Amino acid sequence: MSASQKKTRGELIVLSGPSGVGKSTVISELLSCRRDIHFSVSFTTRQPRTGEEDGVNYSFVSRGEFERMIAAGELLEYAEYVGNYYGTSLKVIREQLDLGVDVLLDIEVQGAAKVRERCPEAVLIFLIPPSIEELSRRLHRRNTDEEAVIQRRLEKARQECRECVHYDYLVVNDTVMNAAQEIQSILQAEQCRTQKRIGLAQGIIGLPAD
Ligand code: ADP
Ligand code: 5GP
């Protein structure tokens, strides 16, 4: 791919972190400042929580429909998480990236590893809580899951946090504002990579095209 094509392609951004760390909250804050980013609405077989809207938070589908999408190769990645399927539409992501739009995925660690394999240029960011005690408080305060589900999510959180070493960036969600600002800084720095600005350098100092 030539330097000029690279400049027009959107950035694939992955945000992972344990359930309850504040991914959705930080994403809302980020998207309120960066309206140009497309948030990828995942498919899931989980039941909608109070206040969640089909097509906005998730596209809620049956297990049968999800398994059909897997078989048809319609998903960029998918994973089973605490008894439910979650997955990302390949078509939507491709369309947006080809249009030059940056795409943000909120996905768990197995899915992120698959994205890393299939799209090595993706930017992977891991969000961690200030402590496991605070994570537990956030999961309880959110009041969306039964105690047994919260305990399964907390158990999973410890394993998930160990995967943070495979990510490009690590952000602590102490306050929502700080976390969103750090993510904005990461995205800004990514745009300054030499590889992405080589076309600019060619124009300024006449570097050879290849
Ligand atoms: P996730 O999307 O990672 O599962 P949520 O965004 O649903 O997490 O956040 C879980 C709970 O924690 C929510 O009640 C949210 O309001 C709260 N929360 C998120 N970020 C913070 C923060 N920085 N400080 C305190 N509470 C937070
Ligand atoms: P929740 O049920 O709390 O909304 O999400 C549970 C977990 O599934 C979170 O860690 C979230 O990041 C992850 N998740 C949401 N959508 C996807 C997806 O499309 N693919 C994968 N692999 N994980 C997802």
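(A) Geometry of the site of ligand 1. Around ligand 1 sit 15 residues in total, of which Gly20, Lys23, Ser24, Thr25 and Arg142 are the nearest. In this structure, an oxygen atom belonging to ligand 1 sits 2.8 Å away from a side-chain N or O atom of Ser24. One of the side-chain N or O atoms of Arg138 is found 3.2 Å from a nitrogen atom in ligand 1. Here ligand 1 loses 78% of its free accessible area of 570 Å² to cover by the protein chains.

(B) Quick peek at the pattern of salt bridges. For the coordinates displayed, the defined rule picks out 18 salt bridges. A salt bridge links Lys91 to Glu95, with the shortest nitrogen-to-oxygen separation between them at 3.4 Å. Here Lys91 pairs with Glu95, and both are found in helix H4 (residues 90–98), just four residues apart, close to one helical turn. Its relative accessible area of 58% is what places Lys91 among the exposed residues. We classify Glu95 as partly exposed; its relative accessible area is 39%. Residue Glu190 is joined to Lys196 by a salt bridge in which the shortest nitrogen-to-oxygen separation is 3.5 Å.

Cut-off values and rules
- Residues numbered from 1 in each chain as written.
- Chains lettered and ligands numbered in written order.
- Predicted model: local features only at pLDDT ≥ 70, side-chain atom pairs only at ≥ 80, totals over all residues.
- Heavy atoms only, no water.
- Near = heavy atom within 4 Å.
- Polar contact = N/O pair within 3.5 Å; in protein donor to acceptor, adjacent residues only side chain to side chain.
- Areas by Shrake-Rupley, 256 points an atom, 1.4 Å probe, with all protein chains shown as cover.
- Salt bridge = Lys/Arg side-chain N within 4 Å of Asp/Glu carboxyl O.
- Helix = DSSP H or I, 4+ residues; strand = E, 2+ residues; numbered from the N terminus.
- Buried < 20%, exposed > 50% of the residue type's maximum accessible area, 1.4 Å probe, protein only.

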